[in-house]
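Geometric and topological summary
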Amino acid sequence: MKIVLPGGTGQVGTILDRALSAAGHEVVVLTRRPRRPQDVAWDGATPGPWTEAVDGADVVVNLAGRSVSCRYTPENLRAMMDSRVGSARAVGEAIAAARRPPKVWLQMSTATIYAHRFDAANDEATGVIGGTESGVPDYWAYSVEIAKNWERAQEEAATPGTRKVALRAAMVMSPDRGGVFDMLSWLARLGLGGPVASGGQYVSWIHDEDFVRAVEFLIAREDVEGAVNLAAPCPLPQREFTRVLRRAWGVPVGLPASRWMAEVGAFVLRSDTELLLKSRRVVPGRLGDAGFAYVWPGWEGAAGDLVRRARGARTGSGRRRARVGGGLSRSSPRP
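What this report covers is the structure whose coordinates are included nearby.

Reading the values: rules and limits
- Residues numbered from 1 in each chain as written.
- Predicted model: local features only at pLDDT ≥ 70, side-chain atom pairs only at ≥ 80, totals over all residues.
- Heavy atoms only, no water.
- Axes fitted to C-alpha atoms, helices over the stretch in contact; angles between N-to-C directions.
- Helix = DSSP H or I, 4+ residues; strand = E, 2+ residues; numbered from the N terminus.
- Parallel < 35°, antiparallel > 145°, perpendicular 65-115°, else oblique.
- Left-handed = near helix turned anticlockwise from the far one by under 90°.
- Contact = heavy atoms within 4.5 Å.
- Pairing = 2+ DSSP bridges.
- Expected span 1.5 Å × (residues − 1).
- Buried < 20%, exposed > 50% of the residue type's maximum accessible area, 1.4 Å probe, protein only.
- Nonpolar A, V, L, I, M, F, W, Y, C, P; charged D, E, K, R; others polar.
- Salt bridge = Lys/Arg side-chain N within 4 Å of Asp/Glu carboxyl O.
- Right-handed = clockwise from strand over helix to strand, strands pointing away.

In the contact formed by helix H7 (residues 238-249) and helix H11 (residues 299-315), the axes pass within 9 Å of each other and the chain directions differ by 40°. One element, H7, and the other, H11, form an angle in the oblique class. Read as a crossing pair, H7 and H11 show a hand that is right-handed. Along its contact with H7, which presents Phe241, Val244, Leu245, Arg247, Ala248 and Trp249, the element H11 presents Trp299, Glu300, Ala303, Gly304, Val307, Ala310, Arg311 and Arg314.

Read from one edge to the other, the open sheet built from seven strands follows the order E3-E2-E1-E4-E5-E6-E10, with strand pairing classed as parallel. Edge positions in the sheet fall to strand E3 (39-41) and strand E10 (226-230), since each has one partner strand and no second. The mean inter-strand angle of the sheet, taken between neighbouring strand axes irrespective of direction, is 25°. As defined by bridge partners, strand E1 (residues 2-6) adjoins strand E2 (residues 26-31) across five bridges and the pair is classed as parallel. Of the residues in E2, the one forming a bridge with Ile3 is Val27. Sheet strands in contact with helix H4 (residues 139-155) are strand E5 (104-108), strand E6 (163-169) and E10, and its direction is about 170° off that of E6. The strands touched by helix H6 (residues 208-220) within the sheet are strand E4 (59-62), E5, E6 and E10, with E6 carrying the most contacts at an inclination of about 160°.

As a further point, take H7. For H7, which comprises twelve residues, the first-to-last C-alpha distance of 17 Å matches the rise-based estimate of 16 Å (1.5 Å per residue) to within 8%. Buried within H7 we find Gln238, Phe241, Thr242, Val244, Leu245, Arg246 and Trp249. Turning to H7, the residues buried within the fold contact strand E7 (171-173), helix H5 (180-189), strand E8 (202-203), strand E9 (205-207), strand E11 (236-237) and H11. Phi turns positive one or two residues past the end of H7, at Gly250, with a value near 75°.

So, about the packing of H5 against H7. Two elements in contact, H5 and H7, have axes separated by 10 Å at closest approach and are oriented at 75°. By the angle between their directions, the pair H5 and H7 is classed as roughly perpendicular. Contacts between H5 and H7 involve Phe181, Leu184, Ser185, Ala188 and Arg189 on the former and, on the latter, Phe241, Leu245, Arg246 and Trp249. Residue composition of the contact of H5 with H7, grouped by class: six nonpolar, one polar and two charged.

Enumeration over the complete set of coordinates arrives at 14 salt bridges. Two residues, Arg36 and Asp17, come together in a salt bridge whose shortest N-O distance is 2.9 Å. Here Arg36 is found in the loop between E2 and E3, whereas its partner Asp17 is found in helix H1 (residues 11-22), with 19 residues between them in sequence. Here Asp17 falls in the buried class, since its relative accessible area comes to 8%. Glu300 is the partner of Arg247 in a salt bridge, and the nearest nitrogen-oxygen pair spans 3.0 Å. Remark: Glu300 occurs in helix H11 and Arg247 occurs in helix H7; sequence separation between them is 53 residues. Linked through salt bridges whose partners overlap, the residues forming this network are Asp17, Arg36 and Asp39.

Bringing the pairing of E6 into the picture now. The element E6 is largely enclosed, with a buried count of seven among its seven residues. Every second residue of E6 is oriented toward a common face, with Arg163, Val165, Leu167 and Ala169 on one face and Lys164, Ala166 and Arg168 on the other, all of them buried. Pairing geometry for E5 and E6, over five bridges, is parallel. Note that in E6 the partner of Leu106 across the bridge is Val165. Remark: the E5/H4/E6 crossover connection has right-handed handedness. For E6 and E10, the ladder comprises five bridges, and the chain directions are parallel. Within the sheet, the bridge partner assigned to Ala169 lies in E10 and is Leu230.

Right under this line is the structure:
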């Protein structure tokens, strides 16, 4: 298949590009800074010569948008909104104008669209959309508005010949340098990976292998469209999440951090405390109903695999993984 990845140079795009190319697909990456033969220049906002890559493609997976790994200043939040909505509209226009439009358009979204909550898990059918919670910073509601507008841009695109799926993805865990797992592991190895605030806020995540397998699954399943949660079936409280991660790295102790300490740490890391403090209790209702089975449903096994791969990459002795996406394996019940 010919698969086009707008914004495919970030962490998630690199994971998909690597796996799909290894599987024998023709992968074209739309990027502002093309460096390889398979890269095509685009500005992420307006139609141009790049639309030729979309015309005749089998699949488009739009990943474009400003990174959330930054301080949530008004300027950065506006850049997140504009880059996500603008790129989705541009991709929709390219598909609408194509003589041979792709069969499916997977549009990146985020699990942040759901409410900050502890009492129950959010699936696609019964989950609570956020933005009106009490006792949380006002700007958290803007993050939800970004997600809602992001999805709306895809919904409103006039592409009747193309199936559309919005990927409400949790944090994608991979051993690649610079990703969220790398950052969390760095903190854990320094002895700083303890509970943040109460530690009761839920962490939703997905192993990179299952993320790619889920994307392949959704490409193949012609009966699935609309919003789909891409998350492991067992989210867990942050204090338990970090405890398992420390154990995987062989670190016995992780210093706890109060809310104000988290603010200081986020400032130093040029990030934001929403990523640490918002309770994202998200489960994959539609994937499970469609028959998708996870290779890594639980965090303990997933963390162990990711640590082994990270260590192998650092020593140059990492094992060569089988093609991501091959075969279905065990699953586990939803919480």
